[in-house]
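The primary structure of each chain is shown beneath.
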Amino acid sequence: MGILDWFRKKKGESKTVSRKPIGKFRVEKVLKVINRQVLVGEVTEGLIYPGYKVKGKAVSPIMRIERSRKRVDFAVAGDRVALMLEYEIPCEEGEELEIYRS
């Protein structure tokens, strides 16, 4: 990985693999936990797994998903969860983000 690739990764400019979103996530709160961005909200469509990518104004892989303060393997439409992201992305409460398979 070259320095330019590293810089893009640090800025949250990773790419998505799939062309069509496989899910949607509505942001209710944006938090910072242990130097990581955490998005709390509801899965409005589809299925989300750790490793998938969340896309708004930037893209970041999902490192971890929690429901009721417990780690879960996936989340489905209707679930209210917290997504811990690898990189910080600009987003606001009420914004709907797209989920892509990585």
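Structural data are supplied above this passage.
Below, the structure is looked at part by part. Residue indices begin from 1 for each chain and proceed along its sequence in written order. Given that this is a predicted model, residues contribute local features only at a pLDDT of at least 70 and side-chain atom pairs are listed and counted only at 80 or more, while totals for whole chains, interfaces and linings are drawn from all residues. In computing side-chain properties, one takes all heavy atoms of the structure into account and sets aside hydrogens as well as water.

1. Considerations on the overall build of the protein
Along the backbone of the protein there are one helix and eight strands. Relative to its 102 residues, the protein shows a buried fraction of 36%. Whether two residues touch is decided by their heavy atoms; if any such pair falls within 4.5 Å, the residues are in contact. In the protein, once contacts between residues fewer than 6 apart in sequence are set aside, the share between residues at least 24 apart is 63%. Throughout, the Shrake-Rupley method with a 1.4 Å probe supplies accessible areas, and for residues the shown protein chains are the sole cover considered. Of the roughly 6500 Å² of accessible surface on the protein, 49% is carried by carbon and sulfur atoms. Counting from the N terminus, the helices are DSSP H or I runs at least four residues long and the strands are E runs at least two residues long. When a residue's accessible area, from a 1.4 Å probe over protein chains only, is under 20% of the maximum for its type it is buried; when over 50% it is exposed; and in between it is partly exposed.

2. As for the layout of surface pockets
Lining residues are those with an atom within 4 Å of a point, where the points come from a 1 Å grid over the protein atoms alone and group into cavities, where a 1.4 Å probe fits but cannot get out, or pockets, open sets with protein on both sides within 12 Å along at least five of seven lines. Grid points are joined across faces, edges and corners, and a volume is the space filled by probe spheres set on the points. Estimated volume of the largest pocket: approximately 300 Å³. Listing elements by their share of the lining of the largest pocket, those giving two or more residues are strand 1 (23-33), strand 2 (36-48), strand 4 (59-67) and strand 7 (80-85). The element best represented in the lining of the largest pocket is strand 7, accounting for five residues. Here the term charged refers only to Asp, Glu, Lys and Arg, the term nonpolar to Ala, Val, Leu, Ile, Met, Phe, Trp, Tyr, Cys and Pro, and the term polar to all other amino acids, Gly among them. Residues that form the lining of the largest pocket fall into these classes: eight nonpolar, one polar and five charged.

3. Regarding a nonpolar patch on the surface
The patches reported here contain residues having more than 30% relative accessible area and no salt bridge. Joining distances are 9 Å for like charges and 5 Å for nonpolar side chains (Val, Leu, Ile, Met, Phe, Trp, Tyr). For this document, the term salt bridge refers to a Lys or Arg side-chain nitrogen within 4 Å of an Asp or Glu carboxyl oxygen. Taken together, the side chains of Leu31, Val33 and Ile34 present a nonpolar region at the surface, about 280 Å² in accessible area. Position of isoleucine 34 among the secondary structure elements: in the loop between strand 1 and strand 2.

4. Structural notes on unusual backbone geometry
Among all residues except glycine, the phi angle is most often negative; among peptide bonds, the trans geometry is most common. Positive phi outside glycine occurs at asparagine 35, with the angle close to 60°. Counting through the fold element by element, asparagine 35 comes out in the loop between strand 1 and strand 2. Of the residues examined, asparagine 35 reaches a relative accessible area of 76% and is grouped as exposed.

5. Notes on the pattern of salt bridges
Pairing between side chains becomes possible if they bear opposite charge and their charged atoms approach one another. A complete count under the given rule lists six salt bridges for this structure. In this structure, arginine 26 engages glutamate 42 in a salt bridge whose closest nitrogen and oxygen atoms are separated by 3.9 Å. Here glutamate 42 lies in strand 2 and arginine 26 lies in strand 1, a separation of 16 residues in the sequence. Given the relative accessible area of 26%, glutamate 42 is considered partly exposed. Sharing partners across several salt bridges, the network here consists of Arg26, Glu42 and Glu96.

6. Concerning the nonpolar core
The biggest cluster of nonpolar side chains holds 19 residues, and the ones touching the most others in it are Phe25, Ile48, Ile62, Ile65 and Leu83. Filtering out sequence-adjacent residues up to four positions away, isoleucine 48 remains in contact with Phe25, Val43, Ile62, Ile65, Phe74, Ala75, Leu83 and Ile99. Nonpolar cores were defined as sets of buried Ala, Val, Leu, Ile, Met, Phe, Trp, Tyr and Cys residues, with membership established by side-chain atoms within 4.5 Å.

7. A few points about the environment of proline 90
Looking at the secondary structure, you find proline 90 in the loop between strand 7 and strand 8 (96-100). In this structure proline 90 comes out as partly exposed when scored by relative accessible area, which is 44%. Apart from the residues lying within four places of it in its own chain, the contact partners of proline 90 are Lys57, Ala58 and Glu95.

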